[in-house]
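# Fold and geometry: a report
Okay, here's what each chain looks like letter by letter:
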Amino acid sequence: MGQVFRGILLAGTSAWLIGFGNSALAQNDNGVRGARDKTEEGTQNQNEIIVTALRRTQPLQDVPAAVTSINGDELRGRGANSFQSYLNAVPSVYFADNGRRTRVSIRGVVSDVGGDPPVGATTAIYIDEAPVTELEASAFDPSLDDVQSVEVLRGPQGTLYGSGSMGGTVRVTLNKPDLSRFTGELAGHLGTMKESDGTVAKASGIVNLPVMTDRIGFRASLGYEHTPGFIDNSLSGAEDINATNRLSGRAALLIAAGPGTSIYANFLYQRDRFKGLSFADQGGFTIARPTEEPGYSNAKLFSVTINHDAGWMNLVSATNYLKKRSEENLDGSFFVPLINFLGGLNLPADQGLSFTGEIPYDIFTQEIRLASSGENKLDWLVGGYFAESDATFRQYINTAGVPGLAALGNAGVYSSLLKTHRRQFAGFGELTYNILPNLSLTGGVRVAYLESSIERSASGLLNGGVTGDSSSGSNTAVTKKFLLNYAATPDNLLYAQASQGFREGSGVAPVPYSACASDLADYGLNQSPTQYDPDKLWSYEIGSKNTLFDRKMTLNVAAYYIDWNKRQQTVNLNTCQFSTILNVGKAVSKGFEIELGLRPTSSLSLNGSISYTNSKITEFDQLPQFVDSALPLQADWQGFVSAQQDFVISSSMDGYVRMDGNYVGKRWNLLRGSSAAAEKLDSYFLMNARVGVVVNSNLDISLFVNNLTDVRIVPNRNSQGKDFLAEPRVIAVAARYKF
């Protein structure tokens, strides 16, 4: 805990020095940059950040919920390029990465990351109105090249966002086309990374074209980013084995179809290529791997949103289709002893063996919402939702070129296939009774009918032969919400909320029973599980939002208690080296969050937050030794602090200097006692800095340093005891030109 206060003190002292050191500049004739283009009215408007978190357009400080909003300029100022680079700075939020399996943990509500098979997500991910959460695969981590804002809703959002949002929701909002102005942007950076022989590089471009002034607008962006590897393979001698490349682009069309009516169409494309995973042996930046671990992810998102404002109500229709293809290749050499035993073979212990996973995923969604407008005694929101998805989870040991196994083929050693087809129909609504002008009571409910059909098959030596079956089922889920909202003054809000979260169940590929019988017996099972049930939770939250000192300060506080039942969990079967998914009991998570924003002058902004999360298992079926174990992948203490000082250099040039600090406390990588590799990971404090100049308000040139103190950061550690590493120090020059 001392480290968080030392880190925040260090960054806070830096912030004070930044502000003090430029106080004289604030008095010169031209005024500071903030005084030039951030007037007092601008400062007030900046404090009134507008969000759509609760499916209505509201000032952030008027939203009776724990919501953090980060706009595009703030993301660029932080040097953010992925979930990991900004979500961990949000109170009670942790982005857990274990290679290409990722999960977002909010308030301790997460089951696992990196399990095979992966358990469903507990945080919903949205891009505009499109849900892109995948049950089987990683969180979709979109490019930030043309992002307007990111909103993080903490706490279950079951009534408005449905299944998979039991911990919260992350909404990425893209910039819409401008109907009246031709604008564009060119941006990029170039630099070096510690421990790497490669170059950090990124280039992007954006263009906005009014095809028909005030009627039709077109916007497009294209970006490419190369992140060099920083881990070497000590066995093969290969260097920088974890390099990545990302190509992203979008094309958007906005049509003002009539009075109060707009049609917004968007196509987004993203291709990620991974040379390998960011795993290393503990303590260094090397790993001994007999097999390379490349992979890729391709995503295409098609969206059409129609918005009609009738004056007394607002209609939204959102149609979305996501097509995503992913492949991962993991080192499967740990299977060699078992293959030798079952097959009577004599493969060398260091035999390279690739364990391949392929995950094609398609989902179509349609949502229609109607919401009341204006000031009413009774406000309402109703909607309907439909989703249909197809997912395949294919795993196999790649035998190509392996002596002694090539003749058997993939299916002869191990191959499994899990195909799922899901459909969901849901209706939802919220009703708010405004008892007094400053006191309201809200009730919400969502009723979802879910269907699924599952086909499973497996074969090979490790499976004990050929197995397969299919099943189908359906269930109905009801989630509720109750909210009391009291505005003590126009600048002070109090709220109390009880809400439910829900996550659907699914099928799971059977593990080879002949090899895993003893492990399964530990969980009271005499056969391989083929499906798991939905889980659900209740969250109880109180909070306060306050705007103080003539709108120069915001102070938001929230406390919560979460009761989670029939929790889904990927469990490691340590003897046979497989995993499966089970419903394993109950858990409780409780904590608090404090967010502070300061604008002491129009040119100086200070922000900070601190949060505490205590999440533990209270019941664990068949294995009571796990009771009182902390839920993995959620830090106990987290903190964030940032400072930016703007100043005037000349009549055509402004300058700025910025520092950020992010503390992440200790957290378990796995359930305590579930594996020899389960342990509490060290806390860390990450500092970033940026200094730059702005010429003629449209050319921004800066020097930035990420991971200023070059800390070796271990966000996660897998069940084989290998560290997943964050990037070491990056030093780069960036430029951004707007026209």
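Here, every reference points to the structure presented above.
Residues numbered from 1 in each chain as written. Predicted model: local features only at pLDDT ≥ 70, side-chain atom pairs only at ≥ 80, totals over all residues. Heavy atoms only, no water.

Attention shifts here to the overall build of the chain. Assigned secondary structure in the chain consists of 9 helices and 42 strands. Taken against the 2.2 N^0.38 rule, which gives 27 Å for 739 residues, the C-alpha radius of gyration of the chain at 26 Å falls within 12% of a compact globule. If you line up the chain on its principal axes, its C-alpha atoms span 85 × 60 × 55 Å. By the burial criterion, 56% of the 739 residues in the chain qualify as buried. Of the contacts made within the chain by residues no fewer than 6 positions apart, 68% connect residues no fewer than 24 positions apart. When the accessible surface of the chain is summed, it comes to about 28,500 Å², and 57% of that surface belongs to carbon and sulfur atoms. Counting 63 positive and 72 negative side-chain charges, the chain places the centres of these two groups 2 Å from one another. (Helix = DSSP H or I, 4+ residues; strand = E, 2+ residues; numbered from the N terminus. Rg over C-alpha atoms; globule rule 2.2 N^0.38 Å. Buried < 20%, exposed > 50% of the residue type's maximum accessible area, 1.4 Å probe, protein only. Contact = heavy atoms within 4.5 Å. Areas by Shrake-Rupley, 256 points an atom, 1.4 Å probe, with all protein chains shown as cover. Lys, Arg positive; Asp, Glu negative; His and termini not counted. Charge placed at Lys NZ, Arg CZ, Asp CG, Glu CD.)

Here we take up the packing of aromatic side chains. In this structure the tally under the stated criterion is 20 aromatic pairs. When the centroid spacing of 6.1 Å and the interplanar angle of 25° are considered together, the rings of F302 and Y321 count as stacked. Residue F302 is located in strand 18 (residues 295-309), and its partner Y321 is located in strand 19 (residues 313-331); the two are separated by 19 residues in the primary sequence. Judged by its relative accessible area of 38%, F302 is partly exposed. One aromatic cluster is present, formed by F334, F335, F355 and Y414 through successive ring pairs. A cation over an aromatic ring shows up here: R567 above the ring of W564, its NZ or CZ 5.6 Å from the ring centre. Over the ring of F285 we find R712; its NZ or CZ atom is 5.7 Å from the centre of that ring. (Phe/Tyr/Trp six-rings, centres within 6.5 Å; stacked < 30°, edge-to-face > 60°. Lys NZ or Arg CZ within 6 Å of the ring centre and 35° of its normal.)

Looking now at a positive patch on the surface. On the surface, K590, K616, K666, R672 and K680 cluster together to form a positively charged patch. Among the structural elements, K616 can be located in strand 33 (residues 604-620). Given a relative accessible area of 37%, K616 falls into the partly exposed group. (Patch = residues over 30% accessible without salt bridge, like charges linked within 9 Å, V, L, I, M, F, W, Y side chains within 5 Å. Salt bridge = Lys/Arg side-chain N within 4 Å of Asp/Glu carboxyl O.)

Core analysis: the biggest nonpolar cluster contains 37 residues, and I339 and I397 have the highest contact counts within it. Going through the elements one at a time, helix 7 (336-343), helix 9 (513-522), strand 29 (553-565), strand 30 (568-573), strand 31 (578-583) and strand 33 are the ones with two or more residues in this core. If we skip the residues at most four places from it in the chain, I339 touches G344, L345, L347, L353, I397, L405, V413, L461 and L462. Residues F83, V150, L179 and A391 belong to the second largest nonpolar core, which totals 35 residues. (Core = buried A, V, L, I, M, F, W, Y, C linked by side-chain atoms within 4.5 Å.)

So, on to the environment of W380. Residue position: W380 is located in strand 21 (residues 378-398). A relative accessible area of 25% means that W380 is categorised as partly exposed. Spatially, the C-alpha atoms of W380 and S416 are 48 Å apart, while their sequence positions differ by 36 residues. Those residues in contact with W380 that sit more than four places away from it in its chain are R56, W312, M313, L370, A371, S372, E430 and L431.

The next thing to look at is the state of the cysteines. Counting across every chain of the model gives 1 disulfide. C516 shares a disulfide with C576; S-S distance 2.0 Å. Taking the torsion about the S-S bond as the criterion, the C516 to C576 disulfide, at about 100°, is right-handed. Note that C516 is positioned in helix 9 and C576 in the loop between strand 30 and strand 31, a separation of 60 residues in sequence. For the pair formed by C516 and C576, the shared burial category is buried. (Disulfide = S-S within 2.5 Å.)

This brings us to the sheet that holds strand 9 (residues 168-174). Backbone-to-backbone hydrogen bonds pair the strands of a sheet. The strands run either parallel or antiparallel. The strand order across the open sheet built from 5 strands is 3-8-9-6-7, with neighbouring strands paired in mixed fashion. The sheet is open, and its two borders are formed by strand 3 (66-71) and strand 7 (130-131), each paired with just one other strand. Bridge count between strand 6 (residues 123-127) and strand 9: 5 bridges; the pairing is parallel. Residue pairing across strands places Y126 opposite R171, the latter belonging to strand 9. (Pairing = 2+ DSSP bridges.)

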